[in-house]
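# Geometric and topological summary
Each chain, written out:
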Amino acid sequence: MSFQADAFAFLFPGSAMTNSILATAYISIFPNLLLYFVPPDINTGSLNVLVSFAVGGLLGDVFLHLLPHAFLGEHAEENAVVVVNSQKNVLIGLGIFAGLFFFFFMDKMMRVLNGGGGHDHSHDHKKNDDAPDNKKTEGSIKLSAYLNLLADFTHNMTDGLAMAASFYASPAVGATTAVAVFFHEIPHEVGDYAILIQSGFSKQKAMMAQFTTAIGAFLGTFIGILIEESSSSNKAADEKAGIIDVVGLMGTDLRWGDLVIPFAAGGFMYIATVGVIPELLEVTGNIKKDRKQAIMEFLAMFVGLGLMLFIAWNDIPA
């Protein structure tokens, strides 16, 4: 066995259910523990390089693992004939759109409720020096912080759903998704932690708030496990009853559990592109500084993508 296979076998030694819970613990606990060592005024340039690496990893997981699995399945036999079902592909595409739209809906509603501010990871939150508006501004910042926590909770639920769906798909898809989400969670948690600090939270309260949002990841995982177990039991019951041509959603062989991975892929696409990349497009106006920053971000993104490519190329068998 390769080092990669040995490492994944050590980290995820159990069943799909056990491994998805373990993965959720890894992506929830360790990034939050790192917050203890992170200064609240972390350099924006350094954070953006880390974010670029995470974006490369997250999009790499979407395009190299989740989407290929959603459309083609996992580890088809050599010389096997792949039957193209247009209706099935349309439903998978709708699942991807549903994931993307869900995050668009959440993002839009957060901005509406917050009077224009969204779920932002930027560190350029400057205090308002207008004395008469201090109380109003302080209240707005507090509301923004709590809405940010709610958005985090929802985001983490999607991570949990992805953990369950991925491990039930195969150990390979599960392990790679766990790696991608783990590296995404580090800058994500650091950015949100900084927002809470700048909103008036103490360091201890900000860390506890971030740990609280991790409950969303476990909730999402348990929901995902419930969907997958229900889907598996129904399939087993059909096979036991001798039903060969099982009719699933809208006349296809898809079950609800099969749409969790497309949903997660759509959510990850929104998070990486709409939620994060716009921040990376911002410049300071200093050409020399911006050019150096851009090169570092490009390289970091390709390193993140390269990590996912390496894992995909050396896939562990199901």
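Conventions and cut-offs
- Residues numbered from 1 in each chain as written.
- Predicted model: local features only at pLDDT ≥ 70, side-chain atom pairs only at ≥ 80, totals over all residues.
- Heavy atoms only, no water.
- UniProt positions renumbered as here; feature names shortened; annotations may be inferred.
- Salt bridge = Lys/Arg side-chain N within 4 Å of Asp/Glu carboxyl O.
- Helix = DSSP H or I, 4+ residues; strand = E, 2+ residues; numbered from the N terminus.
- pLDDT = per-residue confidence, 0-100.
- Contact = heavy atoms within 4.5 Å.
- Patch = residues over 30% accessible without salt bridge, like charges linked within 9 Å, V, L, I, M, F, W, Y side chains within 5 Å.
- Areas by Shrake-Rupley, 256 points an atom, 1.4 Å probe, with all protein chains shown as cover.
- Phe/Tyr/Trp six-rings, centres within 6.5 Å; stacked < 30°, edge-to-face > 60°.
- Buried < 20%, exposed > 50% of the residue type's maximum accessible area, 1.4 Å probe, protein only.

Labelled according to an unreviewed UniProt entry, the chain appears under the name Zinc transporter, originating from Thamnidium elegans. Under the UniProt heading Subcellular location (unreviewed entry), the note attached to the chain is "Membrane".

### Structural notes on the pattern of salt bridges
Applying the stated criterion across every chain, the model contains one salt bridge. Between aspartate 107 and arginine 111 there is a salt bridge; the shortest N-O distance is 3.1 Å. Pair noted here: aspartate 107 and arginine 111 are both in helix 4 (residues 86–113), with a separation of four residues, about one helical turn.

### Quick look at the confidence of the model for the chain
Chain-level statistics for the chain give a pLDDT mean of 82 and a share of 82% at 70 or above. Taken as a whole, residues 125–129 scores under 50 in pLDDT and shows five contacts with residues more than four places along the chain or in a different chain.

### Some points on a nonpolar patch on the surface
A contiguous nonpolar patch, built from Phe63, Leu64, Phe298, Phe302, Leu305, Leu309 and Trp313 and spanning about 810 Å² of accessible area, is present on the exposed surface. Those elements giving two or more residues to the nonpolar patch turn out to be helix 3 (44–72) and helix 9 (287–313). With five residues, the single largest contributor to the nonpolar patch is helix 9. Considering the arrangement of structural elements, one finds phenylalanine 298 in helix 9.

### Observations regarding the environment of glutamine 204
Structurally, glutamine 204 is set in helix 7 (residues 203–240). Remark: the alpha-carbon pair of glutamine 204 and tyrosine 36, spanning 168 residues in sequence, is separated by 8.7 Å.

### Some remarks on the packing of aromatic side chains
Scanning the entire structure with this criterion turns up 13 aromatic pairs. Between the aromatic rings of phenylalanine 97 and phenylalanine 101, the centroid separation amounts to 5.9 Å while the plane-to-plane angle is 25°, which identifies the pairing as stacked. With a gap of four residues between them, phenylalanine 97 and phenylalanine 101 both fall in helix 4, about one helical turn apart. For phenylalanine 101, a relative accessible area of 39% gives the class partly exposed. Pairing phenylalanine 102 with phenylalanine 263 gives two aromatic rings, centres 5.8 Å apart and planes at 50°, and the pair type is tilted. Remark: phenylalanine 263 occurs in helix 8 (residues 260–280) and phenylalanine 102 occurs in helix 4; sequence separation between them is 161 residues.

### Some remarks on the UniProt feature "transmembrane region" (unreviewed entry) in the chain
Under the UniProt annotation, the feature "transmembrane region" (unreviewed entry) is placed at residues 50–70, 90–106, 206–227, 259–281 and 293–313. Note that residues 90–106 is 100% helix and 0% strand, and that its end C-alpha atoms are spaced 24 Å apart. When the span residues 293–313 is considered, its composition is 100% helix and 0% strand, and the gap between its end C-alpha atoms is 30 Å.

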